Amino acid sequence: MKVINKVILIIFFQSIGISQIKRDPVMVSLGGAYTTLADGIYAVGVNPANLAYQHDKPFMWQIGTLNLGIVNNFFSLENTMGLSGKNLESESQKGKYEIYDQVRDGLRFSQDLHLALPGMNFSSGNMAITNDLVTINDIKMPFGIFKFVLDGNTINESLDLEYSREQMGLLEHAFSFAVPSENFSWGISLKFLQGLYYMGTDPDSSYTFLTTDTTAFYLDARYFMRHGVGGYGTAMDIGLSSKEINGWRLGVSLINAFGSIEWNQPSALTDLLGVSDTTGYFKWGGEEVPRGYAMVHEIKADSLTLDKLSTTEWSKLFVERKRIVKDVENDGNPRKFKIRYPGLLRMGFSKQLDPDLLIAGDLVAGFSDRLGVHQQWKISTGLQFTRFKSIPMRIGYMYAGKYLKELGFGAGIHAGPFIYDFGFSFRNGIWIHDMKGLSVSFGIALTSFKSRKNNKPDN
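In what follows, the accompanying structure is described. Only a predicted model underlies this, so the values are computations on that prediction, with no experimental measurement involved.

Another point: the overall build of the chain. The helix and strand tally for the chain stands at eight helices and 22 strands. Of all 459 residues assigned to the chain, the portion counted as buried reaches 52%. A separation of at least 24 residues holds for 68% of the contacts in the chain among residues at least 6 apart in sequence. For the chain, the exposed area adds up to about 21,700 Å²; of that, 61% sits on carbon and sulfur atoms.

A few words now on the packing of aromatic side chains. Evaluated as defined, the whole model comprises 13 aromatic pairs. Judged by centre distance (5.6 Å) and plane angle (45°), the ring pair of F409 and F424 falls under tilted. In this pair, F409 is assigned in strand β20 (residues 405-415) and F424 in strand β21 (residues 418-427), connecting sequence segments 15 residues apart. Judged by relative accessible area, which is 34%, F409 ranks as partly exposed.

With that settled, consider the pattern of salt bridges. Within the structure shown, the criterion is met by 13 salt bridges. For R23, the salt bridge is made with E406, and the minimal N-O distance between the two is 2.8 Å. With a gap of 383 residues between them, R23 in the loop between α1 (2-14) and α2 (25-29) and E406 in strand β20 connect regions that are remote in the sequence. Comparing R23 with E406, the two get one shared label, buried. E298 serves as the salt-bridge partner of R222, at 3.9 Å between the closest nitrogen and oxygen. Here the residue R222 occupies a position in strand β9 (residues 217-242), and E298 occupies one in strand β13 (residues 293-304), the gap between them amounting to 76 residues. Accessibility assignment for this pair places R222 and E298 in one class, buried.

To continue, consider the environment of M199. Residue placement: M199 occurs in strand β7 (residues 184-201). Linking M199 and M295, residues 96 residues apart in sequence, is a C-alpha distance of 9.6 Å.

Okay, the nonpolar core next. Counting 18 residues, the largest nonpolar core has Y34, A38, Y42, V46, L51, M60 and A445 as the members making the most contacts within it. Setting aside residues no more than four positions away along its own chain, A445 makes contact with Y42, M60, W61, Q62, I63, P417, F418 and I419.

A cluster of nonpolar side chains, namely F385, F388, I391, M393, I395 and F409, defines an oily patch on the protein surface of about 520 Å² accessible area. With respect to the secondary-structure elements, M393 resides in strand β19 (residues 393-399).

Along the chain, I324 turns up in strand β14 (residues 318-326). Relative accessible area serves as the criterion here: at 17%, I324 is assigned to the buried category.

Right, let's get into unusual backbone geometry. Backbone geometry at F258 places phi at a positive 60°, although glycine is not the residue there. Phi is positive for N428, which is not a glycine, with a value near 55°. Among the secondary structure elements, N428 is positioned in the loop between β21 and β22 (437-446).

Across 15 bridges, strand β6 (residues 164-180) lies against β7 in antiparallel orientation. Its bridge partner being in β7, F177 is matched across the sheet by I188. In this antiparallel pair of consecutive strands, β6 and β7, the connection spans three residues. By the bridge criterion, 17 bridges tie β7 to β9 in an arrangement that is antiparallel. Bridged to I188 within β9 is I238.

What counts and what doesn't
Residues numbered from 1 in each chain as written. Predicted model: local features only at pLDDT ≥ 70, side-chain atom pairs only at ≥ 80, totals over all residues. Heavy atoms only, no water. Helix = DSSP H or I, 4+ residues; strand = E, 2+ residues; numbered from the N terminus. Buried < 20%, exposed > 50% of the residue type's maximum accessible area, 1.4 Å probe, protein only. Contact = heavy atoms within 4.5 Å. Areas by Shrake-Rupley, 256 points an atom, 1.4 Å probe, with all protein chains shown as cover. Phe/Tyr/Trp six-rings, centres within 6.5 Å; stacked < 30°, edge-to-face > 60°. Salt bridge = Lys/Arg side-chain N within 4 Å of Asp/Glu carboxyl O. Core = buried A, V, L, I, M, F, W, Y, C linked by side-chain atoms within 4.5 Å. Patch = residues over 30% accessible without salt bridge, like charges linked within 9 Å, V, L, I, M, F, W, Y side chains within 5 Å. Pairing = 2+ DSSP bridges.

What is shown is where atoms sit, not what they do.
As structure tokens, this is what we get:
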């Protein structure tokens, strides 16, 4: 049993992260311009209304899809090498302000991986059943760290250095269907969310203050981290998609509407891992963390100077304390807390310019600025070339401001019943030297031996 438990946890923690909840190779290669193009199984999580246009196509059975990547908003080869030997004070501190401009909202790291459970995703006609592993890891370091390192701290003023971290893993089970009408279709995905684990800092109970006087500085930090193993929730996707008229198609969708997961509920997973009100699988400060307990990390430092930092061991300067505390309701039961499942609003179009060239565009925004999702609007455009019908080629670009962009490209091999697609993108950059992350995605699906047809409905 211990071996099984360790294997489960290795899978969970090696699958940390996701930046857009769910992605696939075509979405990655088109820069996200996908609202009207998501096809078959891949319509789930993008626009379920597209399923209505599968009537003239055979079934799709997904063998597997894997998307993985990493991204941040500052570190690149260009920025890192540019800092080497650079005088940040010259030209009216131009170098400092360039750094401040890029990390104005804090230094943010996100990892992403989306795994479609092999052989457990199927679509036929206007319906689909999907099962996916979704994991999220989002870390945000405060802007104040850069201010302190580059400019120091104003005497007798507290500098807020609070950071946030959230990681969550779940299984998403969805049943999707679409209903066609004369000029458009509408579709719905009903999702059951099976929570695996969650850990995140509680901003209302955490703080980090750094205070400087004329001789030294003082640190007082407390991080309160809630955790949950086992949880349940629901979510819904709602979409509209027009028929193709003179080569044009329009679409809009609301992804993960009303989605949330309630944690600290008894489940088969808690039984498997031995988590109860008195025992836990994870350890913190040498103690097991039972259900209904939270983790606290406290760090204090008194009268620190540059001389002490350079000559004294860290453990003697910073007093750290890790402990677990009860996090229960008034009736003594473990606190059941809810975490919102990040939602997106998507609007898009596509146009068949000629038989071999299609252009698509999307406008996408998140409803929160957490768990890998950004609130600002993102605009995407992509091109798909089908001069060689069995080898579609794609390129796309996403822009959401100077420091949030993505350049993607990819191709596919569609031979007989096999559909293989591959996508790669530079994230927060468009060249190797300035990219601040990358994404790689590939997937394979199987259809009937007659292959998928492209019969278009009458306009």
